[in-house]
Amino acid sequence: MVADTAAPLLEWDALERAVRDCRDCRLCQTRTQTVFGRGNKQARWLLIGEAPGEQEDKQGLPFVGRAGQLLDNMLSATGLDRDQDVYIANVLKCRPPGNRNPSGDEIASCQNYLIQQIRHIQPTLILALGRFAAQTLLQTEKSIGQLRGKLHSYQDIPLIVSYHPAYLLRNQPDKHKAWQDLVFARNTFARLQDRS
Ligand code: URA
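Per an unreviewed UniProt entry, the chain goes by Type-4 uracil-DNA glycosylase and derives from Chromobacterium aquaticum. UniProt's Sequence similarities (unreviewed entry) comment on the chain is quoted here verbatim: "Belongs to the uracil-DNA glycosylase (UDG) superfamily. Type 4 (UDGa) family." Quoted verbatim from the Catalytic activity (unreviewed entry) heading of the UniProt record, the comment on the chain is "Hydrolyzes single-stranded DNA or mismatched double-stranded DNA and polynucleotides, releasing free uracil."

So, in structure tokens, the structure goes:
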């Protein structure tokens, strides 16, 4: 995802309205509503998932279904409050029908919204959850297995990759790896804070 940092930055409220009214791709025809994001826009952690699922599409908020409950538990085990310490957004702001994978053209249509969210929040650390977030932000085809455990960066913002919580619900044995990723992220964050 290549950010055009010279492009004008919309005010946060205007950005929210632009997402709400967006008709840039086919997903606008099947969504119930858009899902912009949730949390504290002054937060130092930015978590980025894939796309709204069924519950998110109904409620208009990210990560409110089963994957969201797991994410909440993992965040609180890390000592993070989901409403205070983090902002949570997705690569896509609309649900792909049947929760299918996002397509390349949908990601391309939607990416400017995420770029603008990141430019506003300017987080200390980005946690990319799952393949679509990681590959989109890092412009790579590499797998989560290849990307996790390393410190990457998106536009000079440190970025760590971990599994998507929905994947962890289906692959419980990998939960310990996700926990290692969160410990790595927490330690990295502490180091970055010390520096600032
Ligand atoms: N999965 C995501 O990637 N995002 C959500 O908001 C919900 C499920």
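Along the chain, the regular secondary structure elements total eight helices and six strands. Secondary structure of the chain in N-to-C order comes out as α-β-β-α-α-β-α-β-α-α-β-β-α-α. A globule of 196 residues ought to have a C-alpha radius of gyration of about 16 Å, and the chain, at 16 Å, matches this closely. Each of the three principal axes of the chain carries a C-alpha extent, and together these read 40 × 40 × 30 Å. Out of the 196 residues in the chain, the part that is buried amounts to 52%. A sequence separation of at least 24 residues applies to 74% of the contacts in the chain between residues at least 6 apart.

To continue, consider the state of the cysteines. Using the criterion set out here, one finds zero disulfides in the structure. This cysteine, Cys-94, is not joined by any disulfide, and Cys-25 carries the nearest cysteine sulfur, 6.2 Å off.

The subject of this paragraph is the sheet that holds strand 3 (residues 86–90). Read from one edge to the other, the open sheet built from six strands follows the order 1-3-2-4-6-5, with strand pairing classed as mixed. Every other strand in the sheet has two partners, leaving strand 1 (38–39) and strand 5 (152–154) as the edge strands with one partner each. Note that strand 2 (residues 45–49) and strand 4 (residues 125–129) share four bridges and pair parallel. From the neighbouring strand, Leu-46 faces strand 4, where its bridge partner is Ile-126. Contacts from helix 4 (residues 104–121) reach strand 2, strand 3, strand 4, strand 5 and strand 6 (157–162) within the one sheet, and its direction differs from that of strand 3 by about 170°. The strands that helix 8 (residues 175–195) touches are strand 2, strand 4 and strand 6; relative to strand 6, the one it contacts most, it runs at about 165°.

Conventions and cut-offs
- Residues numbered from 1 in each chain as written.
- Predicted model: local features only at pLDDT ≥ 70, side-chain atom pairs only at ≥ 80, totals over all residues.
- Heavy atoms only, no water.
- UniProt positions renumbered as here; feature names shortened; annotations may be inferred.
- Helix = DSSP H or I, 4+ residues; strand = E, 2+ residues; numbered from the N terminus.
- Rg over C-alpha atoms; globule rule 2.2 N^0.38 Å.
- Buried < 20%, exposed > 50% of the residue type's maximum accessible area, 1.4 Å probe, protein only.
- Contact = heavy atoms within 4.5 Å.
- Disulfide = S-S within 2.5 Å.
- Pairing = 2+ DSSP bridges.
- Axes fitted to C-alpha atoms, helices over the stretch in contact; angles between N-to-C directions.

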